[in-house]
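# Geometric and topological summary
The residues making up each chain are set out below.
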Amino acid sequence: MKLLTLNFLTCARKACKTSAASFPLHPRDAELEQIEVDLNPLFIQNVLPRVEWDALKSLSSELGLPNLPDQCPDAAELTSDDEPSQTLKDLHTLLLETTIQSGKLVCGNCGHEYAIKEGIANFLLPSHLV
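These remarks concern the structure in this document. Because the structure is a prediction, the values reported are computed rather than measured.

The full count for this structure, using the stated rule, is zero disulfides. In this structure cysteine 11 is not part of a disulfide, and its nearest cysteine sulfur, from cysteine 107, lies 3.7 Å away.

See below:
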């Protein structure tokens, strides 16, 4: 599961739909894997406006990955003299190359844990939680 995906997921329980604490889901016991992907500055520039920056910063720090700037960088900050900046490289590594192979995602509101196995998160809830 790519870390970019976590920026678009929230707890599946009905009770959590109205709570701000249900986003982002927090990784626990996460086994990370780096899968090399060609650098794609245009993709990063286009996806950044859709990313919840504070959640991404929180996720990065929880996993011990590179620190991100306090504010979301704009397109001009991502390249200098047509060369990718370090921030662009860090974002590329974080969003596109880093995957969670196993572990859990935990809701900050209800504490429900979603298992991740072989890079796939299981969001099916038992019937009593639906």
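The next point concerns the sheet that holds strand E1 (residues 26-34). The strand order across the open sheet formed by four strands is E1-E4-E5-E6, and the pairing between neighbours is antiparallel. Sheet topology places E1 and strand E6 (120-121) at the edges, where each strand pairs with a single neighbour. On top of the sheet, helix H5 (residues 86-97) reaches E1 and strand E4 (98-106); it is set at about 65° to E4, its chief contact.

Here the focus is the packing of helix H3 (residues 53-62) against H5. It is at 12 Å that the axes of H3 and H5 come closest, and there the two elements cross at 85°. With respect to each other, H3 and H5 are oriented roughly perpendicular. Between H3 and H5, the residues in contact are Trp53, Leu56 and Ser60 and Leu91, Leu94 and Leu95, respectively. Here the residues of the contact of H3 with H5 are counted per class, giving five nonpolar, one polar and no charged.

So, how was this worked out
- Residues numbered from 1 in each chain as written.
- Predicted model: local features only at pLDDT ≥ 70, side-chain atom pairs only at ≥ 80, totals over all residues.
- Heavy atoms only, no water.
- Disulfide = S-S within 2.5 Å.
- Pairing = 2+ DSSP bridges.
- Helix = DSSP H or I, 4+ residues; strand = E, 2+ residues; numbered from the N terminus.
- Contact = heavy atoms within 4.5 Å.
- Axes fitted to C-alpha atoms, helices over the stretch in contact; angles between N-to-C directions.
- Parallel < 35°, antiparallel > 145°, perpendicular 65-115°, else oblique.
- Nonpolar A, V, L, I, M, F, W, Y, C, P; charged D, E, K, R; others polar.

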